[in-house]
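What follows is each chain in one-letter form.
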Amino acid sequence: MAILSVKGVNKRFGGLQALGDVNLDVAENTCHAIIGPNGAGKSTLLNVLVGKLIPDSGSVVFDGQSVLGRKPHEINQMGISRVFQTPEIFADLTVMENMLIPCFAKRDGAFRLHAFEAVRRESDMIERAEAMLDEVNMLDKREMTASSMSRGDKRRLEMAMCLVQEPRLLLLDEPTAGMARADTENTIELLKTIRRDRGLTMAIIEHDMNVVFSLAERITVLAQGTPLVEDTPENIKGHPKVREAYLGEAQV
Amino acid sequence: MTDQSHSTAPLSVQQAATRNAPLARPRAGRGVLGLTRRDATLMLVVTVLVVFAPFILNPFPETSALAQFNAGYPDLMQRFVIFGIFAIGFNILFGLTGYLSFGHAAFLGVGSYAAIWSMKLITLNVIPGILFAIIVAGLFSLVVGFISLRRSGIYFSILTLAFAQMSYALAYSVLTPITGGETGLQIKNTDTPLFGGPESGIGRANLFGAEMGNSTELELGNWLFTFNLGYYIAGAALLLAFYLSIRIFRSPFGIMLRAVKSNQQRMNYTGLMPKRYTLSAFVISGMFAGLAGGLMVAMDTQVGPERMFWTASGEVVIMTILGGAGTLLGPVLGAGFIKYMENIISKINKDILHQWFAFLPDGMEDVMVAVVYPFIGKGWHLTLGIMFMLVVIFLPGGLVEGGQRIAAKFRRNKTQD
Ligand SMILES: Nc1ncnc2c1ncn2[C@@H]1O[C@H](COP(=O)(O)OP(=O)(O)OP(=O)(O)O)[C@@H](O)[C@H]1O
Ligand SMILES: [Mg+2]
């Protein structure tokens, strides 16, 4: 059953058709990859899903409820978390504080005036954050200021911040870009483990085909804002249209 | 929108292995009053400073030439703590969220008007007056904040400035029936509060009969120390304000406010409403300003519109930045520093300078006086301006950062020895 269903979504930026009649179904507990050349409209599609952009037409339904017209924080509270293409973290705060914020957001909702509790007394939240940091191998960096970390670490932190919310749908926009080889492998393992243990639905945009073929069960190829094909990884690999449009220039 | 029914399997607990390693977990020490040991120490230091201020601020004997540097008289000590409260509140907004309000004096002014009306109509007791000041300033800041927070950055600052100047202009003109216009409001013997009116002449505020101006003096040799009731009441309010500020800084709410400053986008996509957090901080800081305004009226039962003028709003910005925005102690230090300069340095005149440099040969003496004179007396603004520029350029963390750097140097020297 599809947990996310995108139907006939169009988005124009001036004369540019960034998304043209996009249809996409993401089944529950699967990993769905969206690939395509630069400028294909992949990030734009995610922007529509998280409420950053409102499409010109079409519908987006998550878990039986329409997403369109909802504010980003409402969509997140529905259970959609997103890792951005350029890391969006709280750069001035420590790693631990970065982790606690999504923990509080999950527990307390969009707003709560909890001005008299001490953070250090929130042992449940701290434990949760620590467990997640441990899973991404960042526990030793917990007191570091987020801005002082490498790009790969910032990405892993952002991923941990999304995962600790236990979202039902995780959107990943090139999560391994800028990561060292070993970190990429670790990230693949982490995502696999989490999917196995917790049954997480993921939509992933990725240029690294190694990552795509290790994780994805379905792949949609997007070119110039329109889905070319949607199929299993095996079929996509050999698909002539895909080779022509995209894989020719990628590292298979 | 808090749909939390969908949590799947609990977090896998494979952290047990690493948990055994001695991690740098924050010391979850018990502390006092819900504070960590460090914060409790800070609180204690500030308490000691407030309680013993009449001694600390009067280090020079009355008869010495340095007596003019004594700041331990009630009027000035009251100003130290009242502006300290004002700056502590401002810092909760500006220091944590980064939203620079240029109109906070409006809340202080509104608090003052509210307090004096409470005294005119209800009672000369300061407690209802101060509570009323906090409530009215809070409501006013809710309205101003709600509108101003539709914009951020410089536009937010301009909106708050516009509101404050509007309040000032209205208090001056159209609202004269409520504000007394240019002359402002005092408590006169024609006022008939519900509970006990002023006996004669200008009414003075009291706390269950004890007037704010009541003082006890202590003479020790050549020293004279004054203990003033009004000062101690304002001091108690400062301690409460400081305590609340520590609690807010260390709370989840405090982290959220810092998150607002850091990345509102990420907050949105993490399911949070940054604007609500900012508005809460705005109202809290408005209430602190109201408390300060109420205390001003309690100490000196009069108020005029100039209290809301834009320079007054600018002053609290300078206090906070000079002391160290975003630090706990900074605003208090900044407020004390500026009020000290305004009241002490500004009183030094040419004759005093001549006395100081009398030991120099005549020609040199005149040169030195000519060099120093622009920086003191009426020129204290120049000194303040230069200091402010130096701090902003070289010590972005304010005086607190300066203190920390000096402390760090000392520590390093010690380990080298
Ligand atoms: N807010 C915007 N305003 C105008 N044009 C935009 C906007 N966002 C995206 N575009 C344009 O839409 C097209 C699709 O952009 P998008 O970022 O979705 O591509 P992408 O597939 O994510 O590419 P990449 O692989 O480089 O990240 C691009 O031509 C881009 O310039
Ligand atoms: Mg993109």
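Residues numbered from 1 in each chain as written. Chains lettered and ligands numbered in written order. Predicted model: local features only at pLDDT ≥ 70, side-chain atom pairs only at ≥ 80, totals over all residues. Heavy atoms only, no water.

Under an unreviewed UniProt entry, chain B has the name Branched-chain amino acid ABC transporter permease and belongs to Thalassorhabdomicrobium marinisediminis. In UniProt, chain B has this text filed under Subcellular location (unreviewed entry): "Cell membrane". (UniProt positions renumbered as here; feature names shortened; annotations may be inferred.)

For chain A, the name recorded in an unreviewed UniProt entry is ABC transporter ATP-binding protein, with Thalassorhabdomicrobium marinisediminis as its organism.

All names here are of chain B. For chain B, mean pLDDT is 87; residues scoring 70 or higher make up 90% of the total. In the predicted structure, residues 1-28 sits below a pLDDT of 50 and forms 48 contacts with residues beyond four places in sequence or in another chain. Overall fold confidence (pTM) sits at 0.90, and the ipTM for the predicted complex is 0.92. (pLDDT = per-residue confidence, 0-100. Contact = heavy atoms within 4.5 Å.)

Every contact between the two is made by 60 residues of chain A and, on the other side, 50 residues of chain B. Of the roughly 5,000 Å² buried between chain A and chain B, counting both surfaces, carbon and sulfur atoms make up 58%. The interface formed by chain A and chain B contains two salt bridges. In this structure, Arg 258 of chain B and Glu 97 of chain A form a salt bridge, with 2.5 Å as the shortest nitrogen-oxygen distance. Where chain A packs against chain B, one counts 20 residue pairs in polar contact (both at pLDDT 80 or more). Counting residues per element, the ones that place at least two in the side of chain A that touches chain B are helix H2 (72-78), strand E6 (80-83), helix H3 (95-108), helix H4 (123-135), helix H5 (151-163) and helix H6 (181-198) of chain A. Ranked by residues supplied to the side of chain A that touches chain B, first place goes to H3 of chain A with nine residues. (Buried area = accessible area lost by both parts, 1.4 Å probe. Salt bridge = Lys/Arg side-chain N within 4 Å of Asp/Glu carboxyl O. Polar contact = N/O pair within 3.5 Å; in protein donor to acceptor, adjacent residues only side chain to side chain. Helix = DSSP H or I, 4+ residues; strand = E, 2+ residues; numbered from the N terminus.)

Residue and element names in this part refer to chain B. As far as domains go, chain B holds domain 1 (32-63 + 70-343) and domain 2 (349-417). Once you take the C-alpha centre of each, domain 1 and domain 2 turn out to be 28 Å apart. At the interface, 13 residues of domain 1 touch 11 residues of domain 2. Roughly 1,100 Å² of surface becomes buried between domain 1 and domain 2 when both sides are summed, with 86% attributable to carbon and sulfur atoms. Here domain 1 and domain 2 share zero salt bridges between them. Summed over the shared surface of domain 1 and domain 2, the number is three residue pairs in polar contact (both at pLDDT 80 or more). Residue assignment for the side of domain 1 that touches domain 2 shows that the elements contributing at least two residues are helix H13 (310-323) and helix H14 (330-343). (Domains from an automatic or database assignment.)

For the rest of this paragraph, the subject is the site of ligand 1. All names here are of chain A. Taken together, 14 residues are adjacent to ligand 1, and Asn 38, Lys 42, Ser 43, Thr 44 and Gln 85 come closest. Between ligand 1 and Ala 40, the relevant distance is 3.1 Å, taken from an oxygen atom to a main-chain nitrogen or oxygen of the residue. Measuring from an oxygen atom of ligand 1, one finds a side-chain N or O atom of Gln 85 at 2.8 Å. With the chains in place, 62% of the 630 Å² that ligand 1 exposes on its own is no longer accessible. For the shell around ligand 1, the secondary-structure elements that each account for two or more residues are strand E2 (16-27) and helix H1 (42-49). The residue makeup of the shell around ligand 1, split by class, is five nonpolar, seven polar and two charged. (Near = heavy atom within 4 Å. Areas by Shrake-Rupley, 256 points an atom, 1.4 Å probe, with all protein chains shown as cover. Nonpolar A, V, L, I, M, F, W, Y, C, P; charged D, E, K, R; others polar.)

With that out of the way, let us pick up the state of the cysteines. Residue and element names in this part refer to chain A. Applying the stated criterion across every chain, the model contains zero disulfides over all chains. Not engaged in a disulfide, the cysteine Cys 103 finds its nearest cysteine sulfur in Cys 162; these two sulfurs lie 12 Å apart. Classification of Cys 103 as buried rests on a relative accessible area of 1%. (Disulfide = S-S within 2.5 Å. Buried < 20%, exposed > 50% of the residue type's maximum accessible area, 1.4 Å probe, protein only.)

A few words on the pairing of strand E4 (residues 215-220) of chain B. Counting buried positions along E4 of chain B gives zero out of six residues, so the element sits mostly on the surface. Here E4 of chain B folds back onto strand E5 (residues 223-228) of chain B, and the loop between the two strands holds two residues, one of which, Gly 221 of chain B, carries a positive phi near 60°. (Pairing = 2+ DSSP bridges.)

All names here are of chain A. Domain annotation of chain A identifies domain 1 (2-79 + 167-251) and domain 2 (90-150). Between the C-alpha centres of domain 1 and domain 2 the distance comes to 28 Å. Summed over both sides, the interface between domain 1 and domain 2 buries roughly 450 Å², with carbon and sulfur atoms accounting for 51% of that surface. Linking domain 1 to domain 2 there are one salt bridge. Residues Glu 135 and Arg 198 are paired through a salt bridge, measuring 2.9 Å at the closest nitrogen-oxygen approach. The tally of links between domain 1 and domain 2 comes to two residue pairs in polar contact (both at pLDDT 80 or more). Those elements that provide at least two residues to the side of domain 1 that touches domain 2 are H2 and H6. The element contributing the most residues to the side of domain 1 that touches domain 2 is H6, with three residues. Tallied by class, the residues present in the side of domain 1 that touches domain 2 amount to two nonpolar, two polar and one charged.

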